[in-house]
Number of protein chains: 2
Amino acid sequence: MHDLLFDFISKYISLTEDEKEAIVSLAMFRSLKKGAILLRPGERSNDAYFVLKGCIRIYYIIDGEEKTTAFYTEMEALTPHAAVNQSPSEYYISCVTDTIVLLSNPDTEAEIFSKFPRFESMCRVLAEEVLIKQQINFDEFKTSSPEQRYLNLLQKRPDLIQRVPQHQLASYLGIKPQSLSRLRARILEKNKV
Amino acid sequence: MHDLLFDFISKYISLTEDEKEAIVSLAMFRSLKKGAILLRPGERSNDAYFVLKGCIRIYYIIDGEEKTTAFYTEMEALTPHAAVNQSPSEYYISCVTDTIVLLSNPDTEAEIFSKFPRFESMCRVLAEEVLIKQQINFDEFKTSSPEQRYLNLLQKRPDLIQRVPQHQLASYLGIKPQSLSRLRARILEKNKV
DNA sequence: TGAAAACGTTCACCAAAGTTAAGAAATGGC
DNA sequence: GCCATTTCTTAACTTTGGTGAACGTTTTCA
């Protein structure tokens, strides 16, 4: 399990044995069952999550309906706004499948940053990279139709379409489950003719 | 002009005179006319921008149509993906109004970071904050209709609706200019009755 | 294993956005 | 100030998504 983490970090900086030990001594892993809920609306928490295995999602309940807005899979990090703003959460975070996450919080972060300043550099670079990816993602969302978004997702994250229930995918694409169903039928129809 | 910048920074850390001097000596300001283009598709550049006055936007040309996806106004920072990925830009960056920006690039950043490590901490915190804001923004976009998005924008950034042309706003809301026109007429109609 | 709940698809109908086109209004440059 | 260009609005028509309901299938778990 540590190896997964070190492989990820090695894409940014190479670690000394000292640094590896420091991480191992502070790392908190958590195994979760499918459907387990990590955070609920109204709850406060300083934890951020790094997915080592499995898949978690963010969803809201709006007018009694579940709206999934994001999925995080292997090697992706989720920092809830509640952790940054010190404010109660507005959404749920829950496991789509059985999942293993690495927990992090401001205290352990501060400890690592002060011992190994290179870590903070890495986190800044990482945050900037994720910001850029999300920006591009948002741009694509804005400039395309639900059908294009679905076809796009098929290309870019075919794994998601396999392991995520349709109704969760639908709101992720900004539409209702019935519309996703219809849209898929439409695409099949086009390809048949 | 420096004051605007120092006011912004003071929200995160307080500066010593040494630090202020270092910033002043490295800061590069640039005044731009409405319509001026800062970056074009295909161009490489390491510059990031911090808007001191005015408004800039990101837009794509897709199938011959202009699609505006983001606006940046006073005290907002724009780091183009071209600067992070070292890759050619995929979009235009241009001035909506006359604008003054502060330029930054990896070299000047590295210089400041090595002299004043607190600066890198601030940038990490800032990047994380912006990431969270954008995440919430994206969530709201996904979970609401074009009409709701427009009403929401009226609340949150009424200034934008004043100073940005309708057709740029339309694609920012994920629709065509004609639809925005119609949607506004619809809202007026509702409020009349 | 069997009943209940959750999930996915389909349908008919309605509402809203895309498309195409025309014309009015505002803007900019000379 | 005047012409050209850009921007905004309106309208008719097409396409697509939302809604409510029904129905078969799968999952869950007691």
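Residue numbers run consecutively from 1 along every chain, following the written order of its sequence. Chain labels run from A onward and ligand labels from 1 onward, assigned in the order the entries are written. For this predicted model, a pLDDT threshold of at least 70 governs which residues receive local features, and a threshold of 80 or more governs which side-chain atom pairs are given and counted, while totals over whole chains, interfaces and linings are taken from all residues. Only heavy atoms go into the side-chain values, all of them from the structure, while hydrogens and water stay out.

## A closer look at unusual backbone geometry
Residue and element names in this part refer to chain A.
So, step 1. Not every positive phi belongs to a glycine, and Asp63 is a case in point at roughly 50 degrees.
So, step 2. Mapped onto the secondary structure, Asp63 falls in the loop between strand 4 (55-62) and strand 5 (65-73).
So, step 3. Three labels apply to residues, based on accessible area from a 1.4 Å probe with only protein chains included: buried if under 20% of the type maximum, exposed if over 50%, partly exposed otherwise in between. Under the relative-accessibility criterion, Asp63 is labelled exposed at 80%. Counting from the N terminus, the helices are the DSSP runs of H or I reaching at least four residues and the strands are the DSSP runs of E reaching at least two.

## A closer look at the interface of chain B and chain A
So, step 1. Listed per partner, the contact involves 34 residues of chain B and 35 residues of chain A.
So, step 2. Carbon and sulfur atoms supply 63% of the area that chain B and chain A bury against each other, a total of about 3300 Å² over both sides.
So, step 3. Accessible-area loss on putting two parts together, using a 1.4 Å probe and summing over both, is the definition of buried area adopted here. Among the residues chain B hides against chain A, the three largest losses belong to Arg124(B), Phe138(B) and Lys142(B). Together they make up 20% of the total.
So, step 4. Basic side-chain nitrogens of Lys or Arg form a salt bridge, by our definition, when they fall within 4 Å of a carboxyl oxygen of Asp or Glu. Applying the counting rule to chain B against chain A returns 4 salt bridges.
So, step 5. A salt bridge links Glu109(A) to Arg124(B), with the nearest nitrogen and oxygen atoms 3.9 Å apart.
So, step 6. Polar contacts, as used here, are pairs of N or O atoms within 3.5 Å; protein pairs need one atom able to donate a hydrogen and one able to accept it. Residues neighboring in sequence count only if both atoms are side-chain atoms. At the junction of chain B with chain A, the criterion picks out 12 residue pairs in polar contact (both at pLDDT 80 or more). We call two residues in contact when some of their heavy atoms are within 4.5 Å.

## A look at the protein's contact with DNA strand C
So, step 1. Near DNA strand C there are 14 residues, and of these Ser181(A), Lys176(B), Gln178(B), Ser179(B) and Arg186(B) occur at the shortest range.
So, step 2. Counting only the atoms of DNA strand C within 4 Å of the protein, the fraction contributed by sugar and phosphate is 63%.
So, step 3. At 3.0 Å from a phosphate oxygen of DNA strand C is found a side-chain nitrogen or oxygen belonging to His167(A).
So, step 4. Here Gln178(B) contributes a side-chain N or O atom positioned 3.5 Å from a base oxygen of DNA strand C.
So, step 5. Looking at the surface near DNA strand C, the elements that each hand over two or more residues are helix 8 (166-172) and helix 9 (177-192) of chain A together with helix 9 (177-192) of chain B.
So, step 6. The leading source of residues in the surface near DNA strand C is helix 9 of chain B, at 4 residues.
So, step 7. Residue classes follow a fixed rule: Ala, Val, Leu, Ile, Met, Phe, Trp, Tyr, Cys and Pro count as nonpolar, while Asp, Glu, Lys and Arg count as charged, and any other residue, Gly among them, counts as polar. Taken together, the residues of the surface near DNA strand C break down into 3 nonpolar, 7 polar and 4 charged. Proximity criterion: a residue is near a molecule or strand once any of its heavy atoms comes within 4 Å of it.

## Side note on the protein's contact with DNA strand D
So, step 1. Inspection of the region around DNA strand D gives 15 residues, with Lys176(A), Ser179(A), Arg182(A), Arg186(A) and Ser181(B) positioned closest.
So, step 2. Here DNA strand D approaches the protein such that, of its atoms within 4 Å, sugar and phosphate make up 64%.
So, step 3. Contacts to DNA strand D include Ser179(A), whose side-chain N or O atom sits 2.6 Å from a phosphate oxygen.
So, step 4. Within the contact set of DNA strand D, a phosphate oxygen lies 2.9 Å away from a backbone nitrogen or oxygen of Gln166(B).
So, step 5. Sorting the residues of the surface near DNA strand D by element identifies helix 9 of chain A together with helix 8 (166-172) and helix 9 of chain B as the ones contributing at least two each.
So, step 6. It is helix 9 of chain A that provides the largest number of residues to the surface near DNA strand D, a total of 4 residues.

## Examining the pairing of strand 5 of chain A
All names here are of chain A.
So, step 1. Burial analysis of strand 5 places 7 of its 9 residues in the buried class, the great majority of the element.
So, step 2. A pair of strands counts as paired when DSSP detects no fewer than two bridges linking them. Note: strand 4 against strand 5, 8 bridges, orientation antiparallel. Paired with Tyr60 across the two strands is Lys67, which belongs to strand 5.
So, step 3. The turn linking strand 4 back onto strand 5 is made up of 2 residues, and Asp63 within it adopts a positive phi angle of 50 degrees.

## Examining the packing of helix 5 (residues 117-142) of chain A against helix 5 (residues 117-142) of chain B
So, step 1. The convention used is that axes are lines fitted to C-alpha atoms, helices contributing only their stretch in contact, and that angles between N-to-C directions extend from 0 to 180 degrees. Remark: helix 5 of chain A packs on helix 5 of chain B, axes separated minimally by 9 Å, with the N-to-C direction vectors making an angle of 25 degrees. By the criterion of interaxial angle, the relationship of helix 5 of chain A to helix 5 of chain B is roughly parallel. The handedness of the crossing between helix 5 of chain A and helix 5 of chain B comes out as left-handed.
So, step 2. Residues belonging to the contact of helix 5 of chain A with helix 5 of chain B are distributed by class as follows: 12 nonpolar, 8 polar and 8 charged. The cut-offs work like this: below 35 degrees is roughly parallel, past 145 is roughly antiparallel, 65 to 115 is roughly perpendicular, and the gaps in between are oblique. Should the near helix be turned counterclockwise from the far one by less than a right angle, the crossing is left-handed, whereas a clockwise turn marks it as right-handed.

## Things to note about helix 4 (residues 106-115) of chain B
So, step 1. Of all the positions in helix 4 of chain B, only Thr108(B), Ile112(B) and Phe113(B) are classed as buried. Buried positions in helix 4 of chain B, seen along its axis, are confined to an arc of 135 degrees and lie on one side of it. Across from the buried face of helix 4 of chain B, at angles greater than 90 degrees, the exposed residues are Asp107(B) and Ser114(B).
So, step 2. In this structure, the buried side of helix 4 of chain B is in contact with helix 5 of chain A together with helix 2 (17-26), strand 8 (99-104) and helix 5 of chain B.
So, step 3. For helix 4 of chain B, the N-terminal cap is Asn105(B); the gap from its side-chain oxygen to the backbone nitrogen of Asp107(B) is 3.0 Å. The arc in question is formed by the directions pointing from the helix axis toward the C-beta atoms.

## Brief notes about helix 6 (residues 146-156) of chain A
All names here are of chain A.
So, step 1. Residues of helix 6 that are buried: Glu147, Arg149, Tyr150 and Leu153. Take helix 6 and look down its axis: the buried residues cluster within an arc of 165 degrees, on one side only. Of the residues in helix 6, the exposed ones pointing more than 90 degrees away from the buried face are Gln155 and Lys156.

## Some points on the relation of the copies chain B and chain A
So, step 1. Least-squares fitting of chain B to chain A yields an RMSD of 0.0 Å, with the superposition described by an axial translation of 0.0 Å and a rotation of 180 degrees. Put plainly, the chains are arranged around a two-fold axis. Residues of chain B ranked by C-alpha distance from the rotation axis are headed by Arg124(B), positioned 2.2 Å from it.
So, step 2. With an isologous cut-off of 70% or more, the 100% of interface residues of chain B that recur at the interface of chain A puts this contact in the isologous class. Copies are brought into register by a least-squares superposition over C-alpha atoms of residues with pLDDT of at least 70 in both.

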